[in-house]
Amino acid sequence: MSVVNDEEPPQRQQRPEDEPGTGVVTAFGRQLKLLRIRAGLDRAEFGKRVGYSADTVASIEQGRRIPQARFIEKADEVLGAGGVLVALKEEVGRAQYPSFFRDAARLESDAHELFLYAVQAIPGLLQTEDYTRALLAMRRPLLDEDTIEQRVSARLSRQETFARWPAPLVSFVIEEAVLRKPFGGKAVLRGVLENVLLIGHRRNVEVQVMPNDQEDNAGVDGPFTLITPKKGEQIAYLEVQGRSMLVTDRDEVRSISARYGIIRSQALTPRESLGFVEKVLGEL
């Protein structure tokens, strides 16, 4: 099993399994088509009833486009599917992520605790739509527009984790340099920093900044994520140069967890950090 840190992943050659058209997406499309035909609806009429174009319906039926949750729910209702399509919603939802992040999305969505150390970009859980789109537009090889829109939607949907109850404990330590990288321009940076402040004031969230002038930094080996499931032991995820590794060995995870504790102690406190983000905002 492979999961991924929620910073923007390093550039890598897109693999066939990263694309729609395989597995559950294809199965969903075929099931949708069968139910639509059984209901006696052509694509245009069905699309009108669910609020989508006939071309979009065709793309979904052919497994070329991953449907959003609202489409699945509406289609199930319109076709009288009795929950057959809705039953696939969770699996289809995971398919909207690139293959290297699907396991991470599953673990993250059910985590009791999430600890993230970010050195490349604002973590995905804190990103805005414009910031995410700017990062994805810079990917090489280039992503097509449909894939970008799909991944923007998927990444933003992850922020629902903050609204879960019981609320997970989420901790971020972000390098100061990350807060100053104007990906997409100053207006985009301003927007994402405002979002960091907004989410950082939640009771279950702590945001800390590691200043550039901090002489001691236990995070010199790079970014990582610690995930504690509701049931099960803490695991760690490491990533470098397009290679990902899920760490489950107790001693190794314990070492990484201890490292995160040291990093937190070296960073600014949460209160100081939010003030620091406000300061960076004021300088833009």
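Above: the structure in question.
No experiment lies behind these values; they were computed from the predicted model shown. (Residues numbered from 1 in each chain as written. Predicted model: local features only at pLDDT ≥ 70, side-chain atom pairs only at ≥ 80, totals over all residues. Heavy atoms only, no water.)

Looking at the layout of surface pockets
One water molecule sets the probe size; rolling that probe over the atoms shows where empty space is left. The space that makes up the largest pocket amounts to roughly 1,100 Å³. Taken together, 40 residues form the lining of the largest pocket, with Gln68, Gly93, Gln96, Ser153 and Ser157 sitting closest to its centre. Sorting the residues of the lining of the largest pocket by element identifies helix H3 (54-61), helix H4 (69-78), helix H5 (89-95), helix H6 (102-109), helix H7 (129-137) and helix H8 (145-157) as the ones contributing at least two each. It is H8 that contributes the most residues to the lining of the largest pocket, seven residues altogether. (1 Å grid on protein atoms, 1.4 Å probe; cavity = no way out; pocket = protein on both sides within 12 Å on 5 of 7 lines; lining within 4 Å. Points joined across faces, edges and corners; volume = space filled by probe spheres on them. Helix = DSSP H or I, 4+ residues; strand = E, 2+ residues; numbered from the N terminus.)

Brief notes about the nonpolar core
Counting 36 residues, the largest nonpolar core has Ile122, Leu126, Phe162, Phe172, Ile174, Leu179 and Leu193 as its most contacted members. With seven residues, helix H10 (residues 186-200) is the single largest residue contributor to this core. With near-sequence residues (within four places) excluded, isoleucine 174 lies in contact with Ala118, Pro123, Leu126, Leu179, Val207, Gln208, Val209 and Met210. (Core = buried A, V, L, I, M, F, W, Y, C linked by side-chain atoms within 4.5 Å. Buried < 20%, exposed > 50% of the residue type's maximum accessible area, 1.4 Å probe, protein only. Contact = heavy atoms within 4.5 Å.)

A closer look at the packing of helix H2 (residues 43-50) against H3
For the pair H2 and H3, interaxial distance at closest approach is 8 Å and the crossing angle is 100°. With respect to each other, H2 and H3 are oriented roughly perpendicular. Of H3, the residues touching H2 (which contributes Arg43, Ala44, Phe46 and Gly47) are Ala54, Val57, Ala58 and Glu61. In terms of residue class, the contact of H2 with H3 is made up of five nonpolar, one polar and two charged. (Axes fitted to C-alpha atoms, helices over the stretch in contact; angles between N-to-C directions. Parallel < 35°, antiparallel > 145°, perpendicular 65-115°, else oblique. Nonpolar A, V, L, I, M, F, W, Y, C, P; charged D, E, K, R; others polar.)

Thoughts on the packing of aromatic side chains
A full pass over the atoms with the stated rule returns six aromatic pairs. Centroid distance phenylalanine 224 to tyrosine 260: 6.0 Å. Interplanar angle 75°. Geometry classified as edge-to-face. Residue phenylalanine 224 is found in strand S4 (residues 224-229), and its partner tyrosine 260 is found in helix H11 (residues 250-266); the two are separated by 36 residues along the sequence. For phenylalanine 224, a relative accessible area of 2% puts it in the buried group. Since its relative accessible area comes to 2%, tyrosine 260 is described here as buried. By way of ring pairs, the aromatic residues Phe115, Tyr117, Phe224 and Tyr260 are connected into one cluster. For arginine 264, the ring lying beneath its charged end belongs to phenylalanine 115, and the centroid distance is 5.8 Å. When the ring centre of phenylalanine 276 is taken as origin, the NZ or CZ atom of lysine 279, which lies over that ring, is 5.6 Å away. (Phe/Tyr/Trp six-rings, centres within 6.5 Å; stacked < 30°, edge-to-face > 60°. Lys NZ or Arg CZ within 6 Å of the ring centre and 35° of its normal.)

Digging into the side chain of aspartate 76
Of note, aspartate 76 is situated in helix H4. Buried charge without a salt bridge: aspartate 76, with arginine 38 as the nearest opposite-charge side chain at an N-O distance of 9.0 Å. Not counting chain neighbours up to four residues away, the residues in contact with aspartate 76 comprise Ala81, Gly82, Gly83, Val84, Leu85 and Val86. (Lys, Arg positive; Asp, Glu negative; His and termini not counted. Salt bridge = Lys/Arg side-chain N within 4 Å of Asp/Glu carboxyl O.)

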